[in-house]
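Structural description and commentary
Chain residues, written in single-letter form:
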Amino acid sequence: MDTSRRKFLTYAGVSVLGLAAMPAVDAWASDTPYVVSSKQLKATRWAMVVDTTKLNSEADFAPLIEACHSIHNVPDIPTKQNIKWIWYDERERVFPDDENPYMAEAFEHKNYLLLCNHCFEPPCVRVCPTKATFKREDGIVMMDFHRCIGCRYCMAGCPYGARSFNFMDPRLHLDAAKENKEFPTRTKGVVEKCNFCYERLADGKLPACVEASKGALIFGDLDDPKSEVRKVLKERYSIRRKPSIGTQPNVYYLI
Amino acid sequence: MYDGSKIIVGLLVFVGMMTFPFWNNIGKAAYKTPELKLPPKSVATECVEGKEFMREKHMQLLNDWRDEAVRNGERLYVSQANHKQYQISLQNSCMKCHDNKEEFCDKCHNSASVSPYCWDCHIAPPKKGN
């Protein structure tokens, strides 16, 4: 054994060089048949800004909910077991920390639009035992229904009540004639929620609710200083739901 | 008194029952792929991969498709056989060509006793009423 110090260092150096070249080799070796569409809208952190001044009455919310629920085959079940991807509720349940006993009348019982916050630090993803729910590189918190075992840990983990469990076959409450044949339904025993219309983004389209909102919803890349969302957030005062718990929601409310 | 005859009869009955599946099948035809209704020539003449590949591996292909589309956001597939691009989708791709599920997927699956649970969620094309 006469491994000199010099020899050892040479070998170590060559090995490190090899490691550095790995990514290049990987790229060369990965000629997979799978391709991202050129139409795909890209971002590193998708976010939505809700202009609450433009959303007040039932008539303002209904078209947004209809746009989403109709294309995603979300049933309307007239009990507590209803499924919701996008809905609305009163201030005290939307911003429960905001508990001043006296406040402007206009805000006291105001309704706010609700959907999955696509948190930067999503607690649902941390608790999911099968990785059925996971965060994509563009920030969307996704559901892979093929892996969902219906344990509902994610529902317990979500601080915003954004997830619904299918207590029954949703097709019992869907009109087969009105189903969107391009998108699956779900089945009994899986959890579901808003997916920021990832399937539309892949096709170069904005989310359905944004399209239906006549400007009340703004969608864009929070990491891009030139994006529409960053522009409005720079100009107007905004809040997010339950900021103190550190989930970093990507849905902002303009007040 | 060893009850030899009873034991032998018992053994015969036992062996007869054990081998029942074998002689019950003697003379029956071996498995044949059922007649399938392929898409009309006007719709397509080729599948996303070769016929043999599809016959053997469509379950793995679908498994990869759903992972790539749902988990990796890759929604286009380049055929290794004819190098055309196909949209990755069970409902909007496979079933647009194979729109007669009863006479294609189901017929083959029934004869092979497989019942994929995909249709609990994925919407099958309207029945052709054969």
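Residue numbers here run from 1 along each chain, matching the order of that chain's written sequence. Whichever chain is written first is A, and whichever ligand is written first is 1; the rest continue in order. The predicted nature of this model means local features are confined to residues of pLDDT at least 70 and side-chain atom pairs, given and counted, to a pLDDT of 80 or more, with totals for whole chains, interfaces and linings taken over all residues. The basis for every side-chain value is the complete set of non-hydrogen atoms in the structure, without hydrogens or water.

1. Here's the deal with the overall build of chain A
Selection rule: Numbering of helices and strands starts at the N terminus; helices are DSSP runs of H or I of at least 4 residues and strands are runs of E of at least 2. We take the radius of gyration over the C-alpha atoms and set the globule estimate at 2.2 Å times the residue count to the 0.38 power. We call a residue buried when its accessible area falls under 20% of the maximum for its residue type, exposed when it is over 50%, and partly exposed in between, using a 1.4 Å probe and counting protein chains only. In what follows, residue pairs with any heavy atoms lying within 4.5 Å of each other are defined as contacts. Calculation of accessible area relied on Shrake-Rupley with a 1.4 Å probe; when residues are assessed, cover is drawn exclusively from the protein chains displayed. Charge assignment in this entry is limited to Lys and Arg as positive and Asp and Glu as negative, and neither His nor the chain termini are counted. By convention, charge coordinates are those of NZ in Lys, CZ in Arg, CG in Asp, or CD in Glu.
Scanning chain A from terminus to terminus reveals nine helices and 11 strands. For chain A, the C-alpha radius of gyration of 23 Å lies well beyond 18 Å, the compact-globule estimate for 255 residues. The dimensions of chain A, computed from C-alpha atoms along their principal axes, are 85 × 45 × 35 Å. Residues counted as buried form 44% of the 255 residues belonging to chain A. Here the analysis covers contacts within chain A between residues at least 6 apart in sequence; of these, 65% occur between residues at least 24 apart. For chain A, the exposed surface amounts to about 14,200 Å²; the carbon and sulfur share of it is 56%. Across chain A, the 36 positively charged side chains and the 33 negatively charged ones have centroids separated by 5 Å.

2. Comments concerning the sheet that holds strand E1 (residues 76-78) of chain B
Strands belonging to one sheet form pairs held by backbone hydrogen bonds; the direction of such a pair is parallel or antiparallel. Quick reminder of the rule: In this description, strands pair whenever DSSP reports at least two bridges between them.
Spatially, E1(A)-E1(B)-E2(B) is the arrangement adopted by the three strands of the open sheet, whose pairing is antiparallel. Edge positions in the open sheet fall to strand E1 (34-35) of chain A together with strand E2 (85-87) of chain B, since each of these has one partner strand only. Inspection of the sheet shows E1 of chain A paired to E1 of chain B by two bridges, in the antiparallel sense. Note on E1 of chain B: the bridge partner recorded for Val-35 of chain A is Leu-76 of chain B.

3. Some points on the interface of chain B and chain A
Threshold: Two parts placed together each lose some accessible area under a 1.4 Å probe, and the buried area is that loss summed for both. One side-chain nitrogen of Lys or Arg within 4 Å of one carboxyl oxygen of Asp or Glu is enough to make a salt bridge. Gly is put with the polar residues, along with every residue not named as nonpolar or charged; the nonpolar set is Ala, Val, Leu, Ile, Met, Phe, Trp, Tyr, Cys and Pro, and the charged set is Asp, Glu, Lys and Arg.
Of the residues lining the interface, 27 residues belong to chain B; the matching set on chain A comes to 29 residues. Counting each side, the surface lost to burial between chain B and chain A is near 2,300 Å², with a carbon and sulfur contribution of 52%. When residues of chain B are sorted by the area they lose upon contact with chain A, Val-70, Arg-71 and Ile-123 of chain B head the list and together hold 29% of the total. Where chain B touches chain A, the interface holds two salt bridges. Between Lys-96 of chain B and Glu-182 of chain A there is a salt bridge, with its nearest N and O atoms 3.3 Å apart. For the side of chain B that touches chain A, the secondary-structure elements that each account for two or more residues are helix H3 (51-71), E1 and helix H4 (90-97) of chain B. Here the side of chain B that touches chain A gets nine residues from one element, more than from any other, and that element is H3 of chain B. Residues of the side of chain B that touches chain A, tallied by class, amount to 12 nonpolar, six polar and nine charged.

4. Some remarks on the pattern of salt bridges
Inspection of the entire model under this criterion finds 16 salt bridges over all chains. Across the pair Asp-106 of chain B and Lys-101 of chain B runs a salt bridge, and its minimum N-O distance is 3.3 Å. Given the relative accessible area of 11%, Lys-101 of chain B is considered buried. For Lys-107 of chain B, the salt bridge identified is with Glu-103 of chain B, shortest N-O distance 3.4 Å. Linking Lys-107 of chain B with Glu-103 of chain B, this pair stays in helix H5 (residues 102-112), spanning four residues, or about one helical turn. You can call Lys-107 of chain B partly exposed: its relative accessible area is 30%. Exposure remark for Glu-103 of chain B: the relative accessible area of 21% places this residue in the partly exposed category. Here the residues in one salt-bridge network are Lys-39, Asp-203 and Lys-205 of chain A, joined through shared partners.

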